[in-house]
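# Per-entry structural report
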Amino acid sequence: MADNERSARLFRRALELIPGGVNSPVRAFRGVGGEPFFVDHAKGAHIFDVDGHDYIDYVLSWGAVILGHAHPAIVRAVQDAAERGTSFGIPNGQEVELAELVTGIMPALEMVRFVNSGTEATMSAVRLARGATGRDLILKFAGCYHGHGDSFLVQAGSGVATLGLPDSPGVPAALASLTITVPYNDLDALEQAFRSQGDRIACVIVEPVVGNAGFIPPVEGFHEGLRRITREHGALLIFDEVMTGFRVALGGAQALFGIQPDLTTIGKVVGGGMPVAAYGGRRDLMERIAPAGPIYQAGTLSGNPIGMAAGCAQLLFLRESDPYAALESRAAALVEALVGAARAAGVPAWGGALGGMWGFHFTEGPVRNFADARRADVALFRRFFWACLRRGVNLAPSAFEAAFVSLAHGDAEIERTVAVFGEAMEEATA
Ligand SMILES: *Cc1c(COP(=O)(O)O)cnc(C)c1O
């Protein structure tokens, strides 16, 4: 019996029934070749697959599970909430509690509306920006991923980049033509776009630290420039903090860089591993959302009590423990070990960490935009990924994704991972 027999059997069944065998493309391992493993259960920093393997996990539900898998505070909150009913379609008190927590932690969110996925949050924020400004164009940066909404599948990161897909079929050209794309960290290109069409641009949407083209931090002054240029032209600035919110710092990238966006989208960490996301921002803008105002957005399961309870438990824990310096020192140790091992093996590598988010590219740094990221050695990444996985370290199965650490990644996990990085690099470069 092969040692991945159960996963292989599940994947064959899944392929018959679910496109590509998965419910989200990157999970299918096409970015690294081969087949995915199937999870049996997870605890703390570890994932256990259906064939009994134990992996130290750096995917962490794409960063959502910042306390570690199955953290007792989250499990208890979910169990208590479930016993009181899973969904009502009627207001519940937990919605108000999570709204108070979120707006307290991120003051630029004067009001907030909860939805069920980051995609819903970004789509809704853009609708609001268009409705409020009366303009149709939006501007995004190449390699940034803002969910799978039609307007965002133009030079998108994450799975779109992993699979090397052209802009998606099914997105009308007329709609795609309303999305302007410029390189990340390039204020000259941004100025130029605004000089030619500035009075038609409703908003700029940005990953304030890129995670979906691999890890790319903003250069000095980028966000200040973004804020100034959008303000000069009457366009709204949307920080898409679905990944970075409560992840790079408690108050997200906007706290880290001292920027006040007009609108913000959050997801991932805010739901404690449940399907929760939100958009929020200036009160005068948010009051244009129905039923307070005319811009429509709704959701049957939005604000459902289990998601709200999990989110409250996670944010309360983070607010009390403020773990971000500790998370960053662990993440930085991993980056240092990885880059050091690569250099020792004679291959270029570059990486970085902010709070509990980190990443690397097999190329000479610095990586400042998607074009830089695409110069990385993807074949080396694939060999390195498999060499790590075989030794019990689970990285995202794509060169175009960030990595994460949780509070459950202790000294033992970090030391083990550093050792694995050394061995895996030797194998990948042999
Ligand atoms: C994950 C992500 C999204 C999409 O969120 P989903 O919950 O997958 O729809 C949007 N923006 C960013 C920056 C993300 O990382």
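Here is what the cut-offs are and how they apply
- Residues numbered from 1 in each chain as written.
- Predicted model: local features only at pLDDT ≥ 70, side-chain atom pairs only at ≥ 80, totals over all residues.
- Heavy atoms only, no water.
- Phe/Tyr/Trp six-rings, centres within 6.5 Å; stacked < 30°, edge-to-face > 60°.
- Helix = DSSP H or I, 4+ residues; strand = E, 2+ residues; numbered from the N terminus.
- Buried < 20%, exposed > 50% of the residue type's maximum accessible area, 1.4 Å probe, protein only.
- 1 Å grid on protein atoms, 1.4 Å probe; cavity = no way out; pocket = protein on both sides within 12 Å on 5 of 7 lines; lining within 4 Å.
- Points joined across faces, edges and corners; volume = space filled by probe spheres on them.
- Nonpolar A, V, L, I, M, F, W, Y, C, P; charged D, E, K, R; others polar.
- Pairing = 2+ DSSP bridges.
- Domains from an automatic or database assignment.
- Contact = heavy atoms within 4.5 Å.
- Buried area = accessible area lost by both parts, 1.4 Å probe.
- Polar contact = N/O pair within 3.5 Å; in protein donor to acceptor, adjacent residues only side chain to side chain.
- Near = heavy atom within 4 Å.
- Areas by Shrake-Rupley, 256 points an atom, 1.4 Å probe, with all protein chains shown as cover.
- Salt bridge = Lys/Arg side-chain N within 4 Å of Asp/Glu carboxyl O.
- Expected span 1.5 Å × (residues − 1).
- Axes fitted to C-alpha atoms, helices over the stretch in contact; angles between N-to-C directions.
- Parallel < 35°, antiparallel > 145°, perpendicular 65-115°, else oblique.
- Left-handed = near helix turned anticlockwise from the far one by under 90°.

### Comments concerning the packing of aromatic side chains
All chains considered together, the criterion is met by 19 aromatic pairs. When the ring of phenylalanine 141 is compared with that of phenylalanine 222, the centres are 5.5 Å apart and the planes differ by 70°; the resulting orientation is edge-to-face. Highlighted residues: phenylalanine 141 in strand β5 (residues 137-141) and phenylalanine 222 in helix α8 (residues 222-232), separated in sequence by 81 residues. The class for phenylalanine 222 is buried, based on a relative accessible area of 1%.

### So, the environment of alanine 325
By the element assignment, alanine 325 lies in helix α12 (residues 324-344). Take alanine 325: its relative accessible area is 64%, and that puts it in the exposed class. Expressed as a C-alpha distance, the spacing of alanine 325 and glycine 356, which sit 31 residues apart in the sequence, is 8.5 Å.

### Remarks on empty space enclosed by the protein
Evaluated as defined, the whole model comprises one cavity of 30 Å³ or more. Volume-wise, the largest cavity comes out at about 130 Å³. As for the largest cavity, its lining consists of 15 residues, and the residues nearest its centre are Phe360, Phe381, Ser398, Ala399 and Glu401. Each residue belonging to the lining of the largest cavity can be placed in one class, and the counts come to 11 nonpolar, three polar and one charged.

### Considering the pairing of strand β2 (residues 46-49)
Alignment of strand β1 (residues 39-43) against β2, held across four bridges, turns out to be antiparallel. In the sheet register, valine 39 faces β2, and the bridge partner there is aspartate 49. What sits between the antiparallel neighbours β1 and β2 is a turn of two residues, in which glycine 44 has the positive phi angle 60°. Where β2 folds back onto strand β3 (residues 54-57) in an antiparallel hairpin, the turn is made up of four residues, including glycine 52, whose phi is positive at roughly 90°.

### Section: the domain arrangement of the chain
Looking at the assigned domains, one finds that the chain contains domain 1 (5-70 + 324-429) and domain 2 (72-321). The C-alpha-based centres of domain 1 and domain 2 are spaced at 25 Å. Contacts between the two partners involve 36 residues from domain 1, matched on the other side by 38 residues from domain 2. Between domain 1 and domain 2 the total buried area reaches about 2,900 Å² when both faces are included, carbon and sulfur atoms providing 70% of it. Summed over the shared surface of domain 1 and domain 2, the result is nine residue pairs in polar contact (both at pLDDT 80 or more). In terms of residue class, the side of domain 1 that touches domain 2 is built from 23 nonpolar, nine polar and four charged.

### Section: the site of the ligand
Near the ligand the following residues occur: Ser117, Gly118, Thr119, Tyr145, His146, Gly147, Glu207, Asn212, Asp240, Val242, Met243 and Lys268. Contact distances for the ligand include 2.6 Å between a nitrogen atom and a side-chain N or O atom of aspartate 240. A distance of 2.6 Å is found between an oxygen atom of the ligand and a side-chain nitrogen or oxygen belonging to lysine 268. In isolation the ligand exposes 390 Å². Once the protein is present, 82% of that is buried. When grouped by side-chain class, the residues that make up the shell around the ligand number three nonpolar, six polar and three charged.

### Things to note about the pattern of salt bridges
All chains considered together, the criterion is met by 11 salt bridges. For the salt bridge of glutamate 191 with arginine 228, the shortest nitrogen-to-oxygen distance reads 3.5 Å. You can see glutamate 191 sitting in helix α7 (residues 187-197) and its partner arginine 228 sitting in helix α8, a full 37 residues away along the chain. Assessed through its relative accessible area of 24%, glutamate 191 is described here as partly exposed. The exposure class of arginine 228 is partly exposed, given its relative accessible area of 39%. Of the charged contacts in the structure, one is a salt bridge between arginine 391 and glutamate 427, with a shortest N-O distance of 2.8 Å. Placement of arginine 391 in the loop between α14 (378-390) and β13 (393-394) and of glutamate 427 in helix α15 (residues 411-429) is noted, with a sequence separation of 36 residues between them. Residue arginine 391 is classed as partly exposed on the basis of its relative accessible area of 24%. Accessibility expressed as a relative area gives 34% for glutamate 427, which makes it partly exposed.

### Re α14
Across its 13 residues, α14 extends 18 Å between first and last C-alpha, which sits within 8% of the 18 Å expected from 1.5 Å per residue. Regarding α14, the residues found buried are Leu380, Phe381, Phe384, Phe385, Ala387, Cys388 and Leu389. Buried-residue contacts for α14 involve β3, α12, β12 (357-361), β13 and α15. Capping the start of α14 is the job of one residue whose side-chain oxygen sits 3.3 Å from the backbone nitrogen of alanine 379: aspartate 377. Looking one or two places after α14, you find glycine 392, whose phi comes out positive at around 90°.

### Points about the packing of helix α2 (residues 72-83) against helix α11 (residues 305-321)
Two elements in contact, α2 and α11, have axes whose closest approach is 8 Å; the angle formed by their N-to-C orientations is 150°. The angle between α2 and α11 falls in the class roughly antiparallel. Here α2 runs over α11; the crossing is right-handed. In contact with Ala73, Ile74, Ala77, Val78, Ala81 and Ala82 of α2, α11 contributes Pro305, Ile306, Ala309, Ala310, Ala313, Gln314 and Phe317. Its residues assigned to classes, the contact of α2 with α11 shows 12 nonpolar, one polar and no charged.

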